[in-house]
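# Topology and contacts: notes
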Amino acid sequence: MILLEGNGALSSLGLDDPSEIYRPKPPEFELDKDVENFRNYENLDGEMLRVRDTYYEMHTKQTHEFASSQRAKYKEGIIGRYSVLEMMDLVAGLVDESDPDTSLTNDIHMYQTAERIRAAYPEHPWFALVGLIHDLGKVLAMKGEPQWAVVGDIFVTGCKPSPSVVFGEPSFAKNPDSTDPRYNTEYGIYQPHCGLENVVTSWGHDEYMFQVLKRNNVQIPEEGLYMIRFHSLYPWHHHSDYKHLCNEKDNAMLPWVQKFSSFDLYSKGEKIPVIEEIRPFYEDLIAQYCPGKLLW
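Below you will find a few notes about this structure. (Residues numbered from 1 in each chain as written. Predicted model: local features only at pLDDT ≥ 70, side-chain atom pairs only at ≥ 80, totals over all residues. Heavy atoms only, no water.)

## Considering the overall build of the protein chain
Looking only at helices and strands, the protein chain features ten helices and two strands. Taken from the N to the C terminus, the helices and strands of the protein chain come in the order α-α-β-α-α-α-α-α-α-α-α-β. A burial count over the protein chain gives 57% of its 296 residues as buried. Partitioning the intrachain contacts of the protein chain with sequence separation of at least 6 by distance along the chain shows that 81% fall at a separation of at least 24. (Helix = DSSP H or I, 4+ residues; strand = E, 2+ residues; numbered from the N terminus. Buried < 20%, exposed > 50% of the residue type's maximum accessible area, 1.4 Å probe, protein only. Contact = heavy atoms within 4.5 Å.)

## Re the side chain of His134
The topology assignment puts His134 in the loop between helix H5 (125-133) and helix H6 (205-215). Not counting the four nearest positions on each side in its chain, His134 is found in contact with His109, Thr113, His205, Ile228, His231, Phe260 and Asp264.

## Some remarks on helix H7 (residues 222-230)
Burial runs high along H7: eight of the nine residues are buried. Regarding H7, the residues found buried are Glu223, Gly224, Leu225, Tyr226, Met227, Ile228, Arg229 and Phe230. Buried residues belonging to H7 abut helix H2 (64-74), H5, H6, helix H8 (234-237) and helix H9 (248-266).

## Some details on the packing of aromatic side chains
By the definition in use, this model includes 18 aromatic pairs. Aromatic side chains Tyr74 and Trp203 sit 5.6 Å apart centroid to centroid with 10° between the ring planes, which places their arrangement in the stacked category. Pair noted here: Tyr74 is in helix H2 and Trp203 is in the loop between H5 and H6, with a separation of 129 residues, a long-range link. Considering the side-chain rings of Trp203 and Tyr208, the 6.4 Å spacing of their centres and the 65° angle between planes classify their relative orientation as edge-to-face. What makes Trp203 buried here is its relative accessible area of 2%. Ring pairs connect the aromatic residues Tyr121, Trp126, Phe127, Trp256 and Phe263, which therefore count as one cluster. (Phe/Tyr/Trp six-rings, centres within 6.5 Å; stacked < 30°, edge-to-face > 60°.)

## Things to note about the pattern of salt bridges
Following the criterion strictly, the structure yields 14 salt bridges and no others. Residues Asp53 and Arg52 are paired through a salt bridge, measuring 3.0 Å at the closest nitrogen-oxygen approach. Judged by relative accessible area, Asp53 falls into the partly exposed class, the value being 40%. Between Glu222 and Lys249 there is a salt bridge; the shortest N-O distance is 2.8 Å. On the criterion of sequence distance, the pair formed by Glu222 in helix H7 and Lys249 in helix H9 is long-range, its members being 27 residues apart. The exposure class of Glu222 is partly exposed, given its relative accessible area of 28%. One network of salt bridges, in which partners are shared, links Arg71, Glu207 and Arg229. (Salt bridge = Lys/Arg side-chain N within 4 Å of Asp/Glu carboxyl O.)

## Concerning the environment of His237
In this structure, His237 sits in helix H8. Between the alpha carbons of His237 and Lys259 there is a distance of 9.6 Å; along the sequence they are 22 residues apart.

## Here's the deal with the packing of helix H4 (residues 106-120) against H9
Where H4 contacts H9, the axes come no closer than 8 Å and their chain directions differ by 130°. In this view, H4 runs oblique relative to H9, as classed from their interaxial angle. Crossing of H4 over H9 shows right-handed handedness. Touching His109, Thr113, Arg116, Ile117 and Ala120 of H4 are Phe260, Phe263 and Asp264, all from H9. (Axes fitted to C-alpha atoms, helices over the stretch in contact; angles between N-to-C directions. Parallel < 35°, antiparallel > 145°, perpendicular 65-115°, else oblique. Left-handed = near helix turned anticlockwise from the far one by under 90°.)

## Remarks on the packing of H5 against H9
Following both chains from N to C, one finds H5 and H9 inclined at 60°, their axes separated by 11 Å at the closest point. The pairing of H5 with H9 is recorded here as oblique in orientation. Every pair of crossing elements has a handedness; the one defined by H5 and H9 is right-handed. Contacts from Trp126, Phe127, Val130 and Gly131 in H5 reach Trp256, Lys259, Phe260 and Phe263 in H9. Residue composition of the contact of H5 with H9, grouped by class: six nonpolar, one polar and one charged. (Nonpolar A, V, L, I, M, F, W, Y, C, P; charged D, E, K, R; others polar.)

## Brief notes about the nonpolar core
Membership of the largest hydrophobic core comes to 79 residues, with the highest contact counts inside it found for Ile133, Leu136, Trp236 and Trp296. Ranked by residue count, the leading element in this core is H5, at seven residues. With residues near it in sequence (within four places) discarded, Trp236 still touches Leu196, Tyr226, Phe230, Asp241, Tyr242, Cys246, Asp250, Leu254 and Val257. (Core = buried A, V, L, I, M, F, W, Y, C linked by side-chain atoms within 4.5 Å.)

Given below as structure tokens:
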């Protein structure tokens, strides 16, 4: 096991750059743009207004009931049997409407993330594979789901939203759970330190891809599964929110998710890998860890 250094709790107090509260610790590799230009939700205009609109719709419609029903809907693998490579080809043309950092298609981002991880941790090929497939659950958007139910940062439903959620409390004003006494308190329906595996997060590509991998008994280590399941839970892995719901396992997995988050975010840029040259390497990884056709 690699020993990874966690980010720790960060405070938004006294920051010169408000967008800093949305970013993980900068990585050790060279970036394609300045750190302060990542996850900047403060000054959106033009086509980037799609980011705000996607989050407001998400925070209005992602109720506890909706998230729970989506989990049940996709639990048995209703999309059918496809290989990982087939799903990668299907999701290749998707542009994430919640992402202020890139307008590149999803396949480019997945390869960018994987290649950064591969260079840093060549002794752990499964880690690079996680980088490659972490967003593959966004295939839901190619199968009819609206992007507000697929992409973006996730949050815990069934309790009061974390104050660090992107666009904050005003974006939840029209969510019926905000006035439901069952769901609008700090703990809501949950017990202290129940564990993140036992809460219902807003529905999206993270939980869906985790379900796919578990259903098909894919041999990715637990650390990798946590990265995939919770990489969009920024209030937890970046802001140290939801600590009152976390158990010892969550605390042990946190540094792994934080390290992955750094690669996921800061690999975005203008340097586009030549996919035709590196794809054979990842085809071999897929054949090793998740071969054949999986039930999606």
